[in-house]
Amino acid sequence: MARPLVADIDLDALRHNYALARALASGSRAVAVIKADAYGHGAVQCARALESLPAEQRPPAFGVACLEEAESLRQGGIATPIVLLEGIFDASELPRVEALGLWLTVHSEWQLRALLAYRPTSPIPVWLKIDSGMHRLGFSPEEAASVWQRLVSAPETVTDLHLMSHFASADAVDASYFDRQLKCMQALAAQLDAPLCLANSPATLAQPDSHGSWVRPGVMLYGSNPLEAPNGASQRLQPVMSLRSEIIAVRDLAAGEPVGYAGRWRAPHPSRIAVVACGYGDGYDRHAIDGTPVLVAGKRTSIAGKVSMDMLTVDISDIPEAEIGTEVVLWGRSRHGALLSVDEVARYCDTISYTLLTGVLPRVPRRYSRLD
Ligand SMILES: *Cc1c(COP(=O)(O)O)cnc(C)c1O
């Protein structure tokens, strides 16, 4: 029998979450963001699952971080338009952008010049990125009108021009900085009479004023709630990935015996410890503290001892039915129906769901199916 660790990917849940994004932003079109291999879920498979929806429910575009990600989607047979969310990294990419039918973000002067110097056979759809406060990528709001004008003046190169910006704190309860960014972009869109694309997952879930012509949900498609304060919409998300393994050994320990490297955890009383086939060599976060939740036979228990490369250890003192071969869910849904959210696990690892999901390493086979 093979090593039992798998990442089960529930494509019905993905389609459900995308439909939820569309329903929340019903006046907008929704780019499905599938960068970073669809946040670790497998970009081609996720794109196929979304492309297989009925025409009116399908994503009108996918979003990726770079040309290489777009190429592998095209190689996988994905025909839907794809937005390069950071545009090109080098002018030499432009012929491939054109050949693959990609949409281009333009965030800086060198990209703009490279594009305007390029003569495509047919003009390229362009999303002009403005830095409304994230202070990472984009033209300043003061430059926006003149840059917009330069793009409008090149109809042989540029078509279907949009304005975009990215929120720094759409997930936060305190919306003051978010409001400043939103007002800035709404004013620019009105001034330029431009279609606008602002909302990431938290803004799609909780900030309807920001929805504009397009929204760009990412992590919510995979069932993670990015909001500091969950709301009714985020509670309707369904987890897409279930990271599942099994117990491969069991130890009975006397009170005071340590477990694992450096003996971080010590049995407070006579304890039963399960060894689980999953470690940081699979992408499970080594920062997981003692007490990080896991599901064993559908019951909550917790990590006991430092995570090793190929294994981790779990306290099963209160789960007498647990034995070698018993199911262990690191996050997601157990066969018994119980749920452990990746967001909760992330808090115990002092991180966010994004790093856990994108961090699941290639050693872990992805298994695509509905759950039985
Ligand atoms: C990743 C990304 C998104 C999606 O963000 P989520 O928080 O995962 O919804 C949206 N827009 C841009 C530009 C991105 O890079």
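Before reading on, note that the structure itself is shown above.
Residues numbered from 1 in each chain as written. Predicted model: local features only at pLDDT ≥ 70, side-chain atom pairs only at ≥ 80, totals over all residues. Heavy atoms only, no water.

Here we come to a negative patch on the surface. Side chains of Asp171, Asp174, Asp179, Asp209 and Glu228 sit close together on the surface and give a patch of like negative charge. Within the secondary structure, Asp209 sits in the loop between α9 (201–206) and β10 (214–215). Residue classification places Asp209 among the exposed positions, given a relative accessible area of 62%. (Patch = residues over 30% accessible without salt bridge, like charges linked within 9 Å, V, L, I, M, F, W, Y side chains within 5 Å. Areas by Shrake-Rupley, 256 points an atom, 1.4 Å probe, with all protein chains shown as cover. Salt bridge = Lys/Arg side-chain N within 4 Å of Asp/Glu carboxyl O. Lys, Arg positive; Asp, Glu negative; His and termini not counted. Charge placed at Lys NZ, Arg CZ, Asp CG, Glu CD. Helix = DSSP H or I, 4+ residues; strand = E, 2+ residues; numbered from the N terminus. Buried < 20%, exposed > 50% of the residue type's maximum accessible area, 1.4 Å probe, protein only.)

What follows deals with helix α6 (residues 109–116). Burial in α6 covers these residues: Gln111, Leu112, Ala114 and Leu115. Take α6 and look down its axis: the buried residues cluster within an arc of 165 degrees, on one side only. Looking at the buried side of α6, the elements it contacts are α5 (94–99), β6 (102–106), β7 (124–129), α7 (144–152) and β8 (158–164). (Arc of directions from axis to C-beta. Contact = heavy atoms within 4.5 Å.)

Turning next to the pairing of β8. Most of β8 is tucked away, with five of its seven residues classed as buried. Where β7 and β8 come together, five bridges link them in parallel fashion. Its bridge partner lying in β8, Lys129 is registered against Met164. (Pairing = 2+ DSSP bridges.)

Here we take up the packing of aromatic side chains. Taken as a whole and assessed by the stated rule, the structure comprises seven aromatic pairs. Seen in terms of ring centroids, Phe167 and Phe178 are 4.3 Å apart; in terms of plane orientation they differ by 40 degrees. Their pairing is tilted. Of this pair, Phe167 sits in the loop between β8 and α8 (176–192) while Phe178 is found in helix α8, placing the two residues 11 residues apart along the sequence. Judged by its relative accessible area of 4%, Phe167 is buried. A residue is classified by how much of its surface remains accessible, and Phe178, at 1% relative accessible area, is buried. Taken together, the aromatic side chains of Tyr39, Tyr222 and Tyr354 make up a single cluster linked through ring pairs. (Phe/Tyr/Trp six-rings, centres within 6.5 Å; stacked < 30°, edge-to-face > 60°.)

This paragraph deals with the sheet that holds strand β3 (residues 32–33). The nine strands are arranged β2-β10-β9-β8-β7-β6-β5-β4-β3 in an open sheet whose pairing can be described as parallel. Edge positions in the sheet fall to β2 (29–30) and β3, since each of these pairs with one other strand and no more. Contacts from α7 reach β7 and β8 within the one sheet, and its direction differs from that of β8 by about 165 degrees. (Axes fitted to C-alpha atoms, helices over the stretch in contact; angles between N-to-C directions.)

What follows is about the site of the ligand. In the vicinity of the ligand, the residues found are Lys35, Tyr39, Leu85, His166, Asn200, Ser201, Arg216, Pro217, Gly218, Val219 and Tyr354. A distance of 2.6 Å separates an oxygen atom of the ligand from a polar atom in the side chain of Tyr39. A distance of 3.5 Å separates a nitrogen atom of the ligand from a polar atom in the side chain of His166. Here the ligand loses 93% of its free accessible area of 390 Å² to cover by the protein chains. Residue composition of the shell around the ligand, by class: five nonpolar, four polar and two charged. (Near = heavy atom within 4 Å. Polar contact = N/O pair within 3.5 Å; in protein donor to acceptor, adjacent residues only side chain to side chain. Nonpolar A, V, L, I, M, F, W, Y, C, P; charged D, E, K, R; others polar.)

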